[in-house]
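# Chain and residue survey
Here are the chains, one letter per residue:
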Amino acid sequence: MKLFDLHCDTIERMEELGEDMLTDKTQLSLKYLPQMEKWCQTFAIFIPDSKRGAEAVSYYERVLAYFHKMLQKHADIVEMANTADDIRRITGSKKCAALLSVEGGAVLDGKLENIEKLKKDGVKMMTLTWNGANELASGSVNPEMGFTSFGREAVREMERQNIIVDVSHLNDKGMEELMGFATKPIIATHSNLRSVCSHKRNVTEEMFKYIVEHKGLCGLNLLHGFVSDEPMKDSKAELFRHVYRMLELGGEDVIACGSDFDGGITSQMDNPALFASFGDYMVEHGISRRISDKIMFENALHFFEVNGR
């Protein structure tokens, strides 16, 4: 089984609990590594909306230090990756390749120079907002707020520094504006289709078509509220509805995985091995192995080969 997961909130949860990467107290754990053929996992440092300014920066630094502490402790099974070649090498040695991201532009403390610092820290992508407003833009709490002038400058600097712009959580007004001024491919690391499940944080078909046209990525989110408007009965079947429609919209090369593990109540695929088994499920239900492998691993790898310098 293969998995290239674009988003989880696990490192913050591990730091909070004082647990290591083999814990059984989080949805995501490296104890599942023996079941994987290849596994690349993005660990997001989530910045809560309650933290702004210097407090947001110090929070990021604390969780970042814990992330590196865990990498050192488990160096025999996980290694940080910076390039697609790193991912191939690390996963080829049967380790988990770890990517670093940030969820929440408040980490910048309103200072463009902090983007260069994130780059030096190895951050590969940044989710611009969480639910509330920050110095860049806003999530769903402020639906009428678009980008600030600093937010536009920050996106341009992220593009210059090759930190990938992640639009999961960005509100519709912000997304509409971004589609007008972004110059590089964007990703929605953990967002499904709003036409299949009406959650306001899922992307519309227009947004998804933009991602397709500009060769971005859209990561399948496992949280209940993003998969189905109805109570869950068969999570794989309900997630498959999103895949099927995404493929109808031309998404063969942009569909990826974005579990959102430890960000809430997941579907019945509540650990990485079960999520990886979704690849076999797709094949059993009419998707070719080639396309299934692209969704579960290869699309994200190719994206980082082209855009992840």
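This section reports on the structure supplied with the text. (Residues numbered from 1 in each chain as written. Predicted model: local features only at pLDDT ≥ 70, side-chain atom pairs only at ≥ 80, totals over all residues. Heavy atoms only, no water.)

### What to know about the overall build of the chain
A tally of regular secondary structure across the chain gives 12 helices and nine strands. A globule of 309 residues ought to have a C-alpha radius of gyration of about 19 Å, and the chain, at 18 Å, matches this closely. Seen through its principal axes, the chain has C-alpha atoms that stretch 50 × 45 × 35 Å. Expressed as a percentage of its 309 residues, the buried residues of the chain come to 61%. Working note: accessible area of the chain is about 11900 Å², and carbon and sulfur atoms make up 49% of it. Where the 37 positive side-chain charges of the chain centre and where its 48 negative ones centre are 3 Å apart. (Helix = DSSP H or I, 4+ residues; strand = E, 2+ residues; numbered from the N terminus. Rg over C-alpha atoms; globule rule 2.2 N^0.38 Å. Buried < 20%, exposed > 50% of the residue type's maximum accessible area, 1.4 Å probe, protein only. Areas by Shrake-Rupley, 256 points an atom, 1.4 Å probe, with all protein chains shown as cover. Lys, Arg positive; Asp, Glu negative; His and termini not counted. Charge placed at Lys NZ, Arg CZ, Asp CG, Glu CD.)

### Overview of the packing of aromatic side chains
For the structure shown, the criterion picks out 10 aromatic pairs. Ring centres of Phe-278 and Tyr-281 lie 5.9 Å apart, and the angle between their planes is 15 degrees; on these two criteria the pair is classed as stacked. You can see Phe-278 and its partner Tyr-281 sitting in helix H11 (residues 278-284), three residues apart, about one turn around the helix. Ring plane angle 80 degrees and centroid distance 5.7 Å describe the contact between Phe-303 and Phe-304, whose orientation is recorded as edge-to-face. Across the pair, Phe-304 and Phe-303 agree in class, each one buried. Three or more aromatic residues link up through ring pairs in this structure, and these residues are Phe-4, Phe-297, Phe-303 and Phe-304. (Phe/Tyr/Trp six-rings, centres within 6.5 Å; stacked < 30°, edge-to-face > 60°.)

### Considering the pattern of salt bridges
Under the definition given, this model contains 26 salt bridges. One salt bridge in this structure joins Asp-86 and Arg-89, with 3.7 Å as the shortest N-O distance. With Asp-86 and Arg-89 both in helix H3 (residues 84-92) and three residues apart, this pair spans about one turn of that helix. Among the ionic pairs, Glu-177 bridges to Lys-173, the shortest N-O distance being 3.9 Å. Taken as a pair, Glu-177 and Lys-173 lie in helix H6 (residues 172-181) at a separation of four residues, close to a single helical turn. Salt bridges linked by common partners bring Glu-79, Asp-86, Arg-89 and Lys-95 together as one network. (Salt bridge = Lys/Arg side-chain N within 4 Å of Asp/Glu carboxyl O.)

### Things to note about the side chain of Asn-299
Structurally, the position occupied by Asn-299 is in helix H12 (residues 289-307). Take Asn-299: its relative accessible area is 5%, and that puts it in the buried class. Separated by 2.8 Å, the side chain of Asn-299 and the backbone oxygen of Glu-252 make a polar contact. With residues near it in sequence (within four places) discarded, Asn-299 still touches Leu-217, Glu-252, Asp-253, Val-254, Ile-255 and Lys-294. (Polar contact = N/O pair within 3.5 Å; in protein donor to acceptor, adjacent residues only side chain to side chain. Contact = heavy atoms within 4.5 Å.)

### Examining the packing of helix H1 (residues 10-17) against helix H2 (residues 54-73)
It is the contact of H1 with H2, at a shortest axis distance of 10 Å, that shows an interaxial angle of 90 degrees. The angle between the axes of H1 and H2 places the two elements in the roughly perpendicular class. Across from Ile-11, Glu-12, Met-14 and Glu-15 in H1, the residues of H2 making contact are Tyr-59, Arg-62, Val-63, Tyr-66, Phe-67 and Met-70. The residue makeup of the contact of H1 with H2, split by class, is seven nonpolar, no polar and three charged. (Axes fitted to C-alpha atoms, helices over the stretch in contact; angles between N-to-C directions. Parallel < 35°, antiparallel > 145°, perpendicular 65-115°, else oblique. Nonpolar A, V, L, I, M, F, W, Y, C, P; charged D, E, K, R; others polar.)

### Comments concerning the state of the cysteines
Inspection of the entire model under this criterion finds zero disulfides. In this structure Cys-8 is a free cysteine whose sulfur lies 9.1 Å from that of Cys-96, the closest cysteine sulfur available. Using a relative accessible area of 0% as the deciding quantity, one classes Cys-8 as buried. In this structure Cys-257 is a free cysteine whose sulfur lies 11 Å from that of Cys-218, the closest cysteine sulfur available. Residue classification places Cys-257 among the buried positions, given a relative accessible area of 0%. (Disulfide = S-S within 2.5 Å.)

### Let's talk about unusual backbone geometry
Positive phi, normally seen in glycine, also occurs at Lys-94, with a value near 70 degrees. Within the secondary structure, Lys-94 sits in the loop between H3 and strand S4 (96-103). A positive phi angle is found at Asp-262, which is not glycine, with a value near 65 degrees.

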